[in-house]
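# Structural overview for review
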Amino acid sequence: MANSVPVLVPLPLDAPFDYALPADLEVVPGDLVEVPFGPRQVIGAVWDAPSTRAAGAPVPAARLKPIQRRLDAPPLRPPLRRLIEHVAAVTLAPLGAALKLVLSVPAALEPPPPKVGLVSAEGAGATAGLSAARRKVLAALGDRRPRRPAEIARLAGVGAAVVQAMARAGLLVPLPLPERADDALLAEPSPVALSPAQAEAARALCDGLAGGPLAGGYGLTLIEGVPGAGKTEVYLEAVAATLAAGRQALILLPEIALTAQLLERFERHFGRPPAAWHSELGAAGRRRSWRRIALGQEPIVIGARSALFLPFPELGLIVVDEEHDASFKQEDGVPYHGRDLAVARARLEGCPAILVSATPALETAWRMGRIEGAAGSEGAGKTLLLPARHGGSALPDIRLIDLRRDRPPRGGWLAPSLRAALEATLAAGEQALLFLNRRGFAPLTLCRACGHRLRCPNCSAWLVTHRLRHRLVCHHCGYGRAELDHCPSCGTVDGLVACGPGVERLAEEVRGLWPAARVALLTSDQPAGPGAVAALLRAMRDHELDLLIGTQIIAKGHHFPALTLVGVVDGDLGLSGGDLRAAERQFQLLYQVAGRAGRAHPGRVLIQTHLPDHPVMQALAAGDKERFYAEELAERRDAGMPPFGRLAALIVSGRDLPAVRRFAALLAREAPAVPGVRVLGPAPAPLALLRGRYRQRLLVIAAPEIDLPALLRPWVKGRRLPGDLRLQVDVDPYSFL
Ligand SMILES: [Zn+2]
Ligand SMILES: [Zn+2]
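Throughout what follows, the structure given in this document is the object of discussion. (Residues numbered from 1 in each chain as written. Chains lettered and ligands numbered in written order. Predicted model: local features only at pLDDT ≥ 70, side-chain atom pairs only at ≥ 80, totals over all residues. Heavy atoms only, no water.)

### Here's the deal with the coordination of the zinc ion (ligand 1)
Quick note on the threshold: Note: metal donors comprise N, O and S atoms at 2.8 Å or less from the metal (3.2 Å for Na, K and Ca); water molecules are not included, so apparent gaps in a site are possible. The geometry test gives tetrahedral to four donors whose angles all lie between 85 and 135 degrees, gives square planar to four donors and octahedral to six donors whose opposite members are over 155 degrees apart with all other angles between 65 and 115, and gives irregular to the rest.
On the protein side, the zinc ion (ligand 1) has Cys447 (SG), Cys450 (SG), Cys487 (SG) and Cys490 (SG) as donor atoms, found 2.3 to 2.4 Å from it. The coordination sphere of the zinc ion (ligand 1) comprises four donor atoms, whose angles at the metal cover 107 to 111°; the geometry is tetrahedral. Donor residues for the zinc ion (ligand 1) sit on one chain with the sequence pattern C-x2-C-x36-C-x2-C.

See below:
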């Protein structure tokens, strides 16, 4: 009788299914196999635990469907399988959905078909009646090395059709092309010039790794230092130590825009480019990278949060750069946090994790015991502070512009004092940067005649005018339409007014004030794509621009030597909306933007604000990060908010508002009544309509000692939802829309 084997398939299911193992097949847990599933064939992973069937007797092995075949790919190792289980446990996502994060590139699970070239057939030259073109081809192939058809045509100076015809006639025969050899890593990475402080930090870091973690153990380190302090240089040393120990290193970054720069830097240092992993890689690139990583052929991988799920065979180090960045949190699908999972994977792999930031997340700082008065829970790890800037320059001087007194002239967005500072900077031949975290021309358009506001038909949101593209766009669902010349409500022609500034409008103001200045605009929706973004950043670095205007894409990582003035046009923008981390995020963002100034020369930063007394503004103006952390932490403690409590957001959505309301109310009624747990709502979500679906929200607030996923599981898992309703559960939410 055949054995039964549990197989987990990458579909939204909570447990593996049993399959029969044919007598001629051997599998071990983690092996990737093809199995019949309903009418289809799917690729799944052989799982460890016997599958648990909710009810009834196990299916007799004779009635199980058989595993079809084992794929020619390395098995998923135990740490990765445990990570999949961990993801499902902490996010409440189905186990199969967590597996799908790992098997994101099905094409990579099979070896690629060998690439085939052509050589001349034995005795082809002796064929009677060969045309001149065919003779040229045979002459070009004299060395018997297989080549691609296009290359043969080019070498011989003939058309592609000639080569094809010769292959059909058997004059040319296929032969596998040789594999491209990898560039070797430099035996000795090129040295990095480290300041004494950096050298000491690097030594401390590598000593720590050599003592325990590199010998096979988990350890957590936070590297903290002002922008430009040389945090990358320090963790490069840890990467080098990891490679020297024969293991792989993973570096996670929050944004693709930062990847190119870091890839270059690593290539300079290690003599060959690391593998990149992000959404713009393309299908072929993903397939190639996934497989090479699985086979241990890529020692260094630099990627977005999804790189966490790559099948490294010898993972020896995980670095989370810009660890405080909110984009490590995935909002759709399985709502996981990349930083938390990076730490979890390091634990499972028995390797060190390094978190890097100029402004660590409050939760990280607290967990590491980095903040005065904070507990430093679970003996977390160590913090390396890099105080001085590389080259000795100081953090720039940060000043507030009180917009209530220093008002921009009518129709403008730059206060007189900021204008004067820009004027002086440009006159001195130095560079300036203006930061406004708002894409497009204007966030709101209304009709002067009837007051009608242009809204997205699918969302409770305004349409944003993008004048460069002549479009009105919804930033939530992507809806777009051509700009209007009349009001859609009352028909008045030319009565629509754009309200508020976006970066495009700011660029218009700047060009009007300084027509001779070389001005550029940089936003994430740059129509020309990432190549154009890199070109603009280079132009700024090489001082081919005088003034750069941008959204948060300009906030991090970039080094502009001639930049001496940073103007923040709306310092209050991120503070509105009142979500849990609004103040923290705005502080981190503005701190980073400020850090762009004066990295080579003394620089200054001017922040326009209507709230000069706000703790974020006060802390920035005083350059006092510690005070901000302490105040923010105290506030969170009083409110029982993270890290002093845990949250979960439950969002019920659907096209039928009464049905959405009914179900949300039912959920609230059936909420677990447990001391230390409060359930707020249901209430309409701030985005009460999104992509045509109505949204009602419940917020669970639990004391820190409560196992929140365990509390939620019996309440929300396996619920039948009427009609098209969906229930989205987000444990530790970052978005409060
Ligand atoms: Zn109107
Ligand atoms: Zn929309």
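The structure having been displayed, the exposition proceeds.
### Quick look at the nonpolar core
Rule in force here: As used in this record, nonpolar core signifies buried Ala, Val, Leu, Ile, Met, Phe, Trp, Tyr and Cys residues forming a set joined through side-chain atoms within 4.5 Å. When accessible area is computed with a 1.4 Å probe and restricted to protein chains, residues below 20% of their type maximum are described as buried, those above 50% as exposed, and intermediate ones as partly exposed. Contact criterion: two residues are considered in contact whenever any of their non-hydrogen atoms come within 4.5 Å of each other.
Formed by 71 residues in total, the largest nonpolar core has its most connected members in Ile223, Tyr235, Val239, Ile251 and Phe266. Apart from residues no more than four positions distant in its own chain, Tyr235 is found in contact with Leu205, Ile223, Ile251, Leu262, Phe266, Val319, Asp321 and Val356. Listed in part, the 53 residues of the second largest apolar core include Leu8, Leu32, Val87 and Val301.

### Regarding the side chain of Asp325
Applied cut-off: A helix here means a DSSP run of H or I that spans at least four residues, while a strand means a run of E at least two residues long, and both kinds are numbered starting from the N terminus. In protein, a polar contact requires one atom able to donate a hydrogen and another able to accept it; more generally it is a pair of N or O atoms within 3.5 Å, and residues adjacent in sequence count only if both atoms are side-chain atoms.
If you trace the backbone, Asp325 turns up in the loop between strand S12 (315-321) and helix H10 (338-349). Looking at Asp325, the relative accessible area reads 10%, which means it is buried. A distance of 2.6 Å separates the side chain of Asp325 from the side chain of Ser327, its partner in a polar contact. In this structure Asp325 touches Pro254, Glu255 and Lys556, once residues within four positions along its chain are discounted.

### Remarks on the environment of Arg697
On the secondary structure map, Arg697 appears in strand S28 (residues 693-702). Judged by relative accessible area, which is 11%, Arg697 ranks as buried. For the pair Arg697 and Arg661, spaced 36 residues apart in sequence, the C-alpha separation works out to 9.7 Å. Beyond its immediate stretch of four places on either side in the chain, Arg697 contacts Ala649, Leu650, Ile651, Leu680, Gly681, Pro682, Ala683, Ala685, Pro686, Ser735, Phe736 and Leu737.

### A word on the sheet that holds strand S27 (residues 677-690)
For clarity, the cut-off: Should DSSP find at least two bridges between two strands, the strands are regarded as paired. Only the stretch in contact is used when a helix axis is fitted, and all axes are lines through C-alpha atoms; the angle between N-to-C directions ranges over 0 to 180 degrees.
Taken in spatial order, the four strands of this open sheet run S27-S28-S26-S29, and their pairing is antiparallel. Only two strands of the sheet have a single partner each, and these edge strands are S27 and strand S29 (726-731). Taking the axes of each pair of neighbouring strands and ignoring which way they run, one obtains an average angle of 20° across the sheet. Inspection of the sheet shows S27 paired to S28 by eight bridges, in the antiparallel sense. Of the residues in S28, the one forming a bridge with Ala683 is Arg697.

### Overview of the coordination of the zinc ion (ligand 2)
On the protein side, the zinc ion (ligand 2) has Cys456 (SG), Cys459 (SG), Cys474 (SG) and Cys477 (SG) as donor atoms, found 2.2 to 2.4 Å from it. Classification of the site at the zinc ion (ligand 2) as tetrahedral follows from its four donor atoms and the range of 104 to 115° in their angles at the metal. Between consecutive donors of the zinc ion (ligand 2), the numbers of intervening residues give the motif C-x2-C-x14-C-x2-C. You can see Cys459 sitting in the loop between strand S17 (444-447) and strand S18 (464-466) and its partner Cys474 sitting in the loop between strand S19 (471-473) and strand S20 (480-482), a full 15 residues away along the chain. You'll find Cys459 and Cys474 in the same group, each marked buried.

### A short note on H10
In plain terms, the rule: Expected helix span is computed as 1.5 Å times (number of residues minus one).
Its 12 residues place the ends of H10 16 Å apart at the C-alpha level, agreeing with the 16 Å of an ideal helix rising 1.5 Å per residue. For H10, the tally of buried residues reaches nine of 12 residues, placing the bulk of the element in the interior. Every buried residue belonging to H10 is among Gly338, Arg339, Leu341, Ala342, Val343, Ala344, Arg345, Ala346 and Glu349, and all of these are buried. Looking at the buried positions of H10, the neighbouring elements they touch are helix H1 (78-91), strand S8 (219-225), strand S9 (248-252), S12, strand S13 (352-357) and helix H11 (362-367). At the exit of H10 stands Gly350, carrying a positive phi of roughly 70°.

### With respect to empty space enclosed by the protein
Put simply, the test is: Residues are said to line a cavity or pocket when one of their atoms sits within 4 Å of a point; the points come from a 1 Å grid over protein atoms alone, cavities being sets where a 1.4 Å probe fits but cannot get out and pockets being open sets with protein on both sides within 12 Å along at least five of seven lines. Grid points are joined across faces, edges and corners, and a volume is the space filled by probe spheres set on the points. Throughout, the ten residues Ala, Val, Leu, Ile, Met, Phe, Trp, Tyr, Cys and Pro are labelled nonpolar, Asp, Glu, Lys and Arg are labelled charged, and all others, Gly among them, are labelled polar.
A full pass over the atoms with the stated rule returns one cavity of 30 Å³ or more. Taken as a whole, the largest cavity holds about 60 Å³ of empty space. Surrounding the largest cavity, His324, Ala326, Arg339, Ala361, Glu363, Arg581, Glu584, Arg585, Gln588 and Tyr734 form its lining. Sorting elements by how many residues they give to the lining of the largest cavity places helix H15 (residues 582-594) first, with three residues. Residues of the lining of the largest cavity, tallied by class, amount to three nonpolar, two polar and five charged.

### Considering the pattern of salt bridges
Where side chains of opposite charge bring their charged atoms close, a pairing between them can arise. Rules: A pair is scored as a salt bridge if a Lys or Arg side-chain nitrogen falls within 4 Å of a carboxyl oxygen belonging to Asp or Glu.
Applying the stated criterion to the full structure yields 32 salt bridges. Here Asp48 and Arg81 are joined by a salt bridge, their closest N and O atoms 2.6 Å apart. Highlighted residues: Asp48 in the loop between strand S4 (40-46) and strand S5 (69-70) and Arg81 in helix H1, separated in sequence by 33 residues. For Arg81, a relative accessible area of 5% translates into the label buried. Note that Glu349 and Arg345 form a salt bridge whose closest N and O atoms lie 3.0 Å from each other. Of this pair, Glu349 and Arg345 both sit in helix H10, separated by four residues, roughly a single helical turn. In terms of burial, Glu349 and Arg345 fall into one category: buried. Salt bridges sharing partners connect three or more residues here, namely Asp48, Arg81, Arg82 and Glu85.

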